[in-house]
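# Residue-level structure breakdown
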Amino acid sequence: MNNDSAIPDFTQINELTNNSSPGPSSDAGQSDSWNDKRVVVHVDLNSFYPSCEELRFPLLVGKPHAVIMTREEQGRITKGVIASCSYEAKKMGVRSAMPLSTALKACPDLVLNRVDIPYYATISEKVMKVLHDCSDILEQTSIDEAFLDCSDKIHALVIHKHKATEVDDSVLVHRPSKRECESVRNLSNSHLIEDFAISIKNKIKSECGLLTSVGVAPTKSIAKIASDFRKPDGLTIVPPTAVPNFLENLEVERISGIGTITKKSLKQMGIETIGQLARTDVQTLVHRFGNKYGIRMWKIAKGLDEDPVRPRSEHVSLSTEYTLPNFTKDKQRLLIHFDALTDELFRRIQRKGYRFRTVGIKLVHADFVVETRERSYLHYQDTRQSISNAIPGLLQKFYSTVTERQEGQAANNMIENRPLNTGTELFINVPIRKIGIKISNLILNRGSGKEEGQSSILDYL
Ligand SMILES: [Mg+2]
């Protein structure tokens, strides 16, 4: 949090490794174009827990401080384990998983805060919303890391820019050759990706107040290695043609999943760098590490990892809420309000190009008790009716709960149990103050391979 520079620590690997660089002098076969390659971005929030603490306690900025896991609920923290610490504390020798006593020996002035996951989760959610808007597909892999597939977004930007160039071309006396056009486009492509990645970093910084390390590459594994390459506040871009040079001299443990034991086994085989791993016969690796693991590490080392960025659809949702102007128990009035909310939510679903499987509703009672119900379709849906048709049935699901509650009251308090389940009668005994709809199990609607919507609904809960 101590770096206010708008320009991140940036590495374009082509320049770093002196590989074939993009531009007019490139050979056609050595083109640096990303056009037919995926653009995968890995975003890692730097020192996430301590940075969250700095957001709510700005006096911590610039100080050595740590977030600690401790069972002590009250009073001064005297024991526990360091979950994460600020860069200032790292400089003093404090590390994650270190017992508190050791950390305090290394840094006697260490300021401590208890781990507060619910608070960090709210910040993470805010970040993921920003990242979601920057990507075609978002795969959140932890509270502070995510992969973004930005291929379509970048492709659209390139086409937009290319079309603009074509318009300009029409007024030029000298029309550039096909090769010149290609070179210009490749160059623009690279610059677009660089600008795009910087804009992601700047958005997270301005909207969430957090620094990130970002890696951009044609595969997930290389994007992850790239984001680790420079911390904090780093940006490392590995264009497709730069992949072999980038990986050549990196230690094998940079590959996610290669830990101490595998590293030791590889060392016994004379393999210490990813370049050496890439030149190893795949059969040798399969023989030593098994089919799945052997092939996986070889593919990653060769830059051939095809693992797609997968949306964690169960974690992705869109929701909306409405506080009623007057508390009500009336079912028909609630349905009218739900209808208005459906309009709003469906517009957002359409704008983002989602299909969905799960529709949920929330009722907040006047006494602030919150109840939710949801149902899932067997197949992905993309119509407004799929939301609106589900809502009366979901409201109906509150009846059994209410019946039990009212029957309980009737037994205990001798209160008359109202008839339920018909018309617009009062169907709950506490008025509703707020309603909400949540749509989850979302995927991007890409047009191809579209499943036909089915009307059958399965109860989700
Ligand atoms: Mg992190």
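Here is a short report on the structure shown in this document. (Residues numbered from 1 in each chain as written. Predicted model: local features only at pLDDT ≥ 70, side-chain atom pairs only at ≥ 80, totals over all residues. Heavy atoms only, no water.)

## What about the coordination of the magnesium ion?
Distances from the magnesium ion to its protein donors, Asp44 (OD), Leu45 (O) and Asp144 (OD), fall within 2.2 to 2.5 Å. When the donor residues of the magnesium ion are listed from N- to C-terminus, their spacing reads D-L-x98-D. Linking Asp44 in strand 2 (residues 40–45) with Asp144 in the loop between strand 6 (137–142) and strand 7 (145–149), this pair joins segments that are 100 residues apart in sequence. (Donors = N, O, S within 2.8 Å, 3.2 Å for Na, K, Ca; no water. Helix = DSSP H or I, 4+ residues; strand = E, 2+ residues; numbered from the N terminus.)

## Topic: the environment of Ile82
Structurally, Ile82 can be placed in strand 4 (residues 81–85). Taking the relative accessible area as the measure of exposure, Ile82 reaches 1% and is therefore buried. Aside from chain neighbours lying at most four places away, what touches Ile82 is Ala66, Val67, Ile68, Val94, Arg95, Ser96, Ala97, Met98, Leu100, Ala103 and Leu110. (Buried < 20%, exposed > 50% of the residue type's maximum accessible area, 1.4 Å probe, protein only. Contact = heavy atoms within 4.5 Å.)

## As for the sheet that holds strand 5 (residues 111–114)
Spatial ordering of the open sheet is given by 4-3-5, a layout of three strands whose pairing is mixed. The sheet is open, and its two edges are formed by strand 4 and strand 5, each paired on a single side. Direction aside, neighbouring strands of the sheet carry axes that sit 40° apart on average. Sheet topology places strand 3 (residues 65–69) next to strand 5; four bridges connect them, and they run parallel. Looking at the pairing, Ile68 lines up with Arg114 of strand 5. Sheet strands touched by helix 2 (residues 48–56): strand 3, strand 4 and strand 5. Its angle to strand 3, the strand with the most contacts, is close to 115°. (Pairing = 2+ DSSP bridges. Axes fitted to C-alpha atoms, helices over the stretch in contact; angles between N-to-C directions.)

## Overview of the nonpolar core
By size, the foremost hydrophobic cluster in this structure holds 36 residues, and its most contacted members are Leu131, Leu148 and Val216. Of all the secondary-structure elements, those providing two or more residues to this core are strand 2, helix 2, helix 5 (117–134), strand 7, helix 6 (151–169), helix 7 (178–208), strand 8 (212–217) and strand 9 (234–237). Counting the residues that make up this core, at least three belong to each of domain 1 (9–46 + 122–242) and domain 2 (48–120). Not counting residues up to four positions away in its chain, the partners in contact with Val216 are Trp34, Val39, Val40, Val41, Ile193, Ala197, Ala226, Leu235, Thr236, Ile237 and Val238. Membership of the second largest hydrophobic core comes to 31 residues, among which are Ala223, Ala242, Val243 and Phe289. (Core = buried A, V, L, I, M, F, W, Y, C linked by side-chain atoms within 4.5 Å. Domains from an automatic or database assignment.)

## Some points on helix 10 (residues 260–268)
Of all the positions in helix 10, only Thr262, Ser265 and Leu266 are classed as buried. Along the axis of helix 10, the buried positions cluster into a sector of 100°, meaning they face one direction only. Across from the buried face of helix 10, at angles greater than 90 degrees, the exposed residues are Thr260, Lys264, Lys267 and Gln268. The inward-facing, buried residues of helix 10 contact helix 11 (274–279), helix 12 (282–289) and helix 13 (291–302). One or two steps after helix 10, the chain reaches Gly270, where phi turns positive at roughly 80°. (Arc of directions from axis to C-beta.)

## Observations concerning the side chain of Ser124
Mapped onto the elements, Ser124 comes out in helix 5. Owing to a relative accessible area of 3%, Ser124 belongs among the buried residues under this scheme. Every residue in contact with Ser124, bar those within four places of it in the chain, is listed here: Phe48, Gln140 and Ile143.

## Looking at the packing of aromatic side chains
With the rule as written, the count across this model stands at six aromatic pairs. Ring geometry for Phe48 against Tyr120: centres 6.5 Å apart, planes inclined by 65°, an arrangement best described as edge-to-face. One end of the pair, Phe48, is in helix 2; the other, Tyr120, is in helix 5, with 72 residues separating them in the sequence. A relative accessible area of 3% means that Phe48 is categorised as buried. These aromatic residues form a ring-pair network of at least three members: Phe48, Tyr49, Tyr119 and Tyr120. (Phe/Tyr/Trp six-rings, centres within 6.5 Å; stacked < 30°, edge-to-face > 60°.)

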